[in-house]
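Summary of the model geometry
The lines below spell out each chain.
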Amino acid sequence: MFRALRFIAALMVLAGSAQAQSFPNKVITLVVPFAAGGPSDVIARLIAQPMSQSLGQQIIIENVVGAGGTLAAARVARAAPDGYTIMIHHLALAAAPSLYSNLTYNTRTAFSPLGLVNTGPMVLLGKKTLEAKTASELIAYMKAQGSKLTMAHAGNGSNAHLCAILLGKALNIKPVYVPYNGTGPAMNDLVSGQVDVLCDQSTTSVPQILGGGVKGYIVTSDKRLDVIKDVVTAREAGLPQFDMTIWHGLYAPAGIPPDIVAKLNDALRKALADPMIVDRFIAAGTTTFPSSEWAVAAHKARFEFEVERWNTFLKEAGVAAAAR
Ligand code: MLT
């Protein structure tokens, strides 16, 4: 009996390594958990190009939207762990267990990290018809508006939502939160003046500020961003507690063979070292992680840390888990 089990295990290892050797021999799907045109979509499309070149296979993007990125996560958790279905996600994946009581997957165990992608700040934006010219004028306006203020976000647990909660706490206001399937559509409504403010990642905020579609007021990093030098930091605006750094990583379903993880991590590292990516990231006010953090182990450690961090923060903020 014991020998038979050992034989089956050996066969499985051989099958796994044959599968890894031929990987990839068909198109890879990169699932994006938010709408097209938003920051996760932009970053995914940017890295997919050089990754696909080094893997020698096409990578197609599939936007699976809804419920703050948890529908996409559920889809990937159910997929075969063969490297042909991977996902980009951010700290919403870590925050989701604190916000959704009926997830169909266990965030801590359902995914295999493949590597960290980018990190950057959020930017507090206002519609262009707002009279506020400075951060302090915007803060005064937001306080005066109180519960009449509309603040767009990308679904419960999204960066935009967590940023809105942080800001609401810092200003002691309760605005009307308006959820979208991503900050792509939220930004469209901010540009057309349907909502008052939005806290979005620098990636998609910077081009809109520079193009005059929206006004930029506060950046949530320690230092101002070179590409939008006039936008003050939260500390300069008198809100040191309004501090938020976002990050994206790539994930596969748990159970993926280690050799395939290594191939995908290698392709990601090559993409992150590509001068085209470095330049595009800088132009969007975001950045790669230092190369010392490109290993899968660094991503795993960050993910575990963030699950604990957001779990504690959301409990303290009194944001209860709600069934989707
Ligand atoms: C998006 O791509 O829409 C964003 O990553 C959403 C967010 O988390 O704010």
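Overview of the structure.

Rules of the game
Residues numbered from 1 in each chain as written. Predicted model: local features only at pLDDT ≥ 70, side-chain atom pairs only at ≥ 80, totals over all residues. Heavy atoms only, no water. Near = heavy atom within 4 Å. Polar contact = N/O pair within 3.5 Å; in protein donor to acceptor, adjacent residues only side chain to side chain. Areas by Shrake-Rupley, 256 points an atom, 1.4 Å probe, with all protein chains shown as cover. 1 Å grid on protein atoms, 1.4 Å probe; cavity = no way out; pocket = protein on both sides within 12 Å on 5 of 7 lines; lining within 4 Å. Sits in = over half its atoms within 2 Å of the grid points. Helix = DSSP H or I, 4+ residues; strand = E, 2+ residues; numbered from the N terminus. Nonpolar A, V, L, I, M, F, W, Y, C, P; charged D, E, K, R; others polar. Domains from an automatic or database assignment. Salt bridge = Lys/Arg side-chain N within 4 Å of Asp/Glu carboxyl O. Buried < 20%, exposed > 50% of the residue type's maximum accessible area, 1.4 Å probe, protein only. Core = buried A, V, L, I, M, F, W, Y, C linked by side-chain atoms within 4.5 Å. Contact = heavy atoms within 4.5 Å. Points joined across faces, edges and corners; volume = space filled by probe spheres on them. Pairing = 2+ DSSP bridges. Right-handed = clockwise from strand over helix to strand, strands pointing away.

We now examine the site of the ligand. Around the ligand, the neighbouring residues are Phe34, Gly38, Pro39, Ser40, His90, Ala154, Ser158, Asn159, Ala160, Gly182, Thr183 and Gln201. Here an oxygen atom of the ligand sits 2.9 Å away from a polar atom, N or O, in the side chain of Gln201. For the ligand, whose unbound accessible area comes to 270 Å², protein coverage reaches 100%. Among the detected pockets, the ligand sits in the largest cavity. Where the shell around the ligand is concerned, the elements lending two or more residues are helix 2 (39-55) and helix 6 (159-171). Its residues assigned to classes, the shell around the ligand shows 4 nonpolar, 8 polar and no charged. Residue-level mapping places the shell around the ligand at the junction of two domains, with at least three residues from each of domain 1 (25-120 + 246-316) and domain 2 (121-233).

The subject of this paragraph is the pattern of salt bridges. In this structure the tally under the stated criterion is 10 salt bridges. Note that Glu308 is salt-bridged to Arg108, the shortest N-O span being 2.6 Å. Of the two residues, Glu308 sits in helix 11 (residues 296-316) while Arg108 sits in the loop between helix 4 (91-99) and strand 4 (111-127), which places them 200 residues apart along the sequence. Judged by relative accessible area, which is 41%, Glu308 ranks as partly exposed. Judged by its relative accessible area of 47%, Arg108 is partly exposed. The shortest N-O distance in the salt bridge between Asp226 and Lys229 comes to 2.8 Å. Its relative accessible area of 63% is what places Asp226 among the exposed residues.

Before going further, it helps to spend a moment on the nonpolar core. The biggest cluster of nonpolar side chains holds 88 residues, and the ones touching the most others in it are Ile218 and Phe242. Here the element with the most residues in this core is helix 6; it accounts for 8 residues. Looking at which domains feed residues into this core, each of domain 1 (25-120 + 246-316) and domain 2 (121-233) supplies at least three. Every residue in contact with Ile218, bar those within four places of it in the chain, is listed here: Met122, Val123, Leu124, Ala135, Ile139, Val231, Val232, Thr233, Ala234, Ala237, Leu239 and Phe242. One finds Phe34, Ala186, Met187 and Val206 within the second-largest nonpolar core, a separate group that totals 19 residues.

All right, on to the layout of surface pockets then. Looking at the largest pocket, its volume works out to about 480 Å³. Residue lining of the largest pocket: 22 residues in total, with Thr119, Pro121, Leu225, Gly285 and Thr287 positioned closest to the centre. Contributions of two or more residues to the lining of the largest pocket are made by strand 4 and helix 10 (275-283). Each of two domains, domain 1 (25-120 + 246-316) and domain 2 (121-233), supplies a minimum of three residues to the lining of the largest pocket. As a volume, the second largest pocket reaches approximately 250 Å³. Along the walls of the second largest pocket sit His161, Ile165, Gly168, Lys169, Asn172, Ile173, Lys174, Tyr177, Ala317, Gly318 and Val319, which together make up its complete lining. When residues of the lining of the second largest pocket are assigned to their parent elements, the largest contribution, 4 residues, is made by helix 6. Residue classes in the lining of the second largest pocket are distributed as 5 nonpolar, 4 polar and 2 charged.

With that out of the way, let us pick up the pairing of strand 5 (residues 150-153). Neither face of strand 5 is exposed, since Thr150 and Ala152 on one face and Met151 and His153 on the opposite face are all buried. Summarising the sheet, strand 5 and strand 6 (residues 176-179) pair through 4 bridges and their orientation is parallel. What sits directly across from His153, in strand 6, is Pro179. You can see the chain leave strand 5, run along helix 6 and come back into strand 6, and the turn it takes is right-handed. Bridge count for strand 5 against strand 7 (residues 197-201) is 2 bridges, and the pairing is parallel. Across the sheet, residue Ala152 finds its bridge partner in strand 7, namely Leu198.

Function cannot be read off these values alone, since they describe shape.
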